[in-house]
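Next come the chains, spelled out residue by residue.
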Amino acid sequence: MRGTRRSSSHLRIVPVLGLLAALLLPLGITLAPRATAAPAAADPVRVMPLGDSITGSPGCWRAVLWNRLHNSGYTDIDFVGTLPPQGCGQAHDGDNEGHGGELVTNVADQNLMPGRLAATRPDIVVMHFGTNDVWSSITPDRILAAYTKLVTQMRASNPDMRILVAQLIPMNPASCAACAQRVVDFNARIPDWARATGTERSPITVVDQWTGFSTATDTNDGVHPNASGDDKIAARWFPALKAVLDAGVPENPGGPGEPAACTARFRAVSTWQGGYQGEVTVTNTSASAASGWTATVVPAGGARIGQVWNGTLTTAADGTATVTNAAWNGALAPGASATFGFVATAPATAGAPAATVTCTAKSSAN
């Protein structure tokens, strides 16, 4: 083994310092102790602006919002996204997740969100998403099912995710006479969806971006905001985001006690003229125990669920069913499953039984 060499200059410095201290003490001068390192600053709060071209390309409401936050003292924030800044003519943190032309249903169907979340690790998501889906005449049921899937993926990334969801700004493009009413119809569904999907640990805040916004004066083309529209959008986001920042977000999300994640699977048990019996299996797919679960079932073809067992049923006006666990089947160990059954009525034209199902689970630690 090699011996450790000690510098001779190091050995000499101790008596020299002692002598210097002895000389200074009569003069009332002491040697200052070595300064200790300042504690590391907390990481900034990471905010993801999520959406389509209204959020990106260039999405200048983000610049207005960023500067308003900074001017109000909220400087410890970091806008994040896999897309870089896209202009706007004013200094701001331009990172974002606003992909021009993108449909939220495609993002959900293609599982694009987990990779984007892993790359950016947001604490807060600010989401204005669905304009292209509405334009494409995709039903509110499918759009909201996509919302639910994205929220589930957000919580898998960060169990304490704070989520701000916009009621979409009005839309009135020359090529789509029906789009204006479609936005109204879709926006009317968002508050109930948010109430059913939000949790105490990961709340969802609905932000009304529709009221007071004019496609005639606040857009360039009936869809995309101009400078006036950017100001209005930022003004609506600001108080909602400020409230979340003031409340604080957990510094170390995840780890032990994080909410359980789940999957839901539909199966048709039997069919008959005018209806069918189905069942949904909810599985805890995380390493954390679940103390409860909620499943959302959107039957296809105009079918309606009228009876449920092994769960508690709530049905929306459009037929979307929300089923929460019964008292005896809510607790699920990692990998465990619970199944509930139901009877649905269906029109003769409905075709084979089908349904879109999603779920959320509550951690035993909550």
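Please read all numbers here as calculations on a predicted model, not as lab measurements. (Residues numbered from 1 in each chain as written. Predicted model: local features only at pLDDT ≥ 70, side-chain atom pairs only at ≥ 80, totals over all residues. Heavy atoms only, no water.)

### Some points on the sheet that holds strand S13 (residues 337–345)
Taken in spatial order, the four strands line up as S7-S8-S13-S10 in an open sheet, and their pairing is antiparallel. Because the sheet does not close on itself, it has two edges, and the strands there are strand S7 (262–272) and strand S10 (304–309). Neighbour-to-neighbour, the strand axes of the sheet open up by a mean angle of 25°, direction not taken into account. In this structure, strand S8 (residues 275–284) lies alongside S13, joined through nine bridges in antiparallel fashion. (Pairing = 2+ DSSP bridges. Helix = DSSP H or I, 4+ residues; strand = E, 2+ residues; numbered from the N terminus. Axes fitted to C-alpha atoms, helices over the stretch in contact; angles between N-to-C directions.)

### What to know about the sheet that holds strand S14 (residues 355–363)
Read from one edge to the other, the open sheet built from four strands follows the order S11-S12-S9-S14, with strand pairing classed as antiparallel. The outermost strands of the open sheet, each flanked by one partner alone, are strand S11 (311–315) and S14. Across the sheet, the mean angle from the axis of one strand to that of its neighbour is 20°, orientation sign disregarded. In terms of strand pairing, strand S9 (residues 290–299) meets S14 through nine bridges, oriented antiparallel. Each residue of the ladder has a partner; that of Val 298, found in S14, is Thr 356. Contacts from helix H6 (residues 140–157) reach S9 and S14 within the one sheet, and its direction differs from that of S14 by about 30°. (Contact = heavy atoms within 4.5 Å.)

### A short note on the confidence of the model for the chain
Per-residue confidence for the chain gives a mean pLDDT of 85, with 85% of residues at or over 70. Mean pLDDT across the secondary structure elements of the chain bottoms out at helix H1 (residues 8–24), with 39, and peaks at strand S4 (residues 124–128), with 98. In the predicted structure, residues 1–40 sits below a pLDDT of 50 and forms four contacts with residues beyond four places in sequence or in another chain. (pLDDT = per-residue confidence, 0-100.)

### Focus: helix H7 (residues 179–197)
Across its 19 residues, H7 extends 26 Å between first and last C-alpha, which sits within 8% of the 27 Å expected from 1.5 Å per residue. Most pronounced at Ile 190, the bend in H7 amounts to some 25°, and the proline Pro 191 follows within four residues. Within the sequence span of H7, burial applies to Cys 179, Val 183, Phe 186, Asn 187, Arg 189, Ile 190, Trp 193, Ala 194 and Thr 197. Buried residues along H7 sit against helix H5 (131–135), H6, strand S5 (162–167) and strand S6 (204–208). (Expected span 1.5 Å × (residues − 1). Bend = angle between axes of the 7 residues up to and from the residue. Buried < 20%, exposed > 50% of the residue type's maximum accessible area, 1.4 Å probe, protein only.)

### Focus on the packing of aromatic side chains
Aromatic ring pairs are reported here in terms of the distance separating the ring centres and the angle at which the planes meet. As enumerated under the stated definition, the model contains eight aromatic pairs in all. Measuring from ring centre to ring centre gives 6.0 Å for Trp 61 and Trp 237, while their planes differ by 35°; the resulting arrangement is tilted. One end of the pair, Trp 61, is in helix H2 (residues 61–71); the other, Trp 237, is in helix H8 (residues 227–247), with 176 residues separating them in the sequence. With a centroid separation of 6.2 Å and an interplanar angle of 25°, the aromatic rings of Phe 266 and Phe 342 are classed as stacked. (Phe/Tyr/Trp six-rings, centres within 6.5 Å; stacked < 30°, edge-to-face > 60°.)

### A short note on the pattern of salt bridges
Inspection of the entire model under this criterion finds 10 salt bridges. Across the salt bridge formed by Arg 46 and Asp 78, the nearest N and O atoms sit 3.5 Å from each other. With Arg 46 in strand S1 (residues 45–51) and Asp 78 in strand S2 (residues 77–79), the pair connects residues that are 32 residues apart, well separated along the chain. Across the salt bridge formed by Asp 109 and Arg 142, the nearest N and O atoms sit 3.3 Å from each other. Placement of Asp 109 in helix H3 (residues 104–109) and of Arg 142 in helix H6 is noted, with a sequence separation of 33 residues between them. Residue Asp 109 is classed as exposed on the basis of its relative accessible area, which comes to 52%. For Arg 142, a relative accessible area of 41% puts it in the partly exposed group. Here the salt bridges do not stand alone but share partners, grouping Glu 97, Glu 102 and Arg 116 into one network. (Salt bridge = Lys/Arg side-chain N within 4 Å of Asp/Glu carboxyl O.)

### So, the state of the cysteines
Counted according to the given criterion, the structure contains three disulfides. Two residues, Cys 176 and Cys 179, share a disulfide whose sulfurs are 2.0 Å apart. Between Cys 176 and Cys 179 the sulfur-sulfur dihedral comes to about 90°; the bridge is accordingly right-handed. By relative accessible area, which is 7% here, Cys 176 ends up buried. The partner cysteine of Cys 262 in its disulfide is Cys 359, sulfur to sulfur 2.2 Å. Of this pair, Cys 262 sits in strand S7 while Cys 359 sits in strand S14, and the two are 97 residues apart along the sequence. (Disulfide = S-S within 2.5 Å.)

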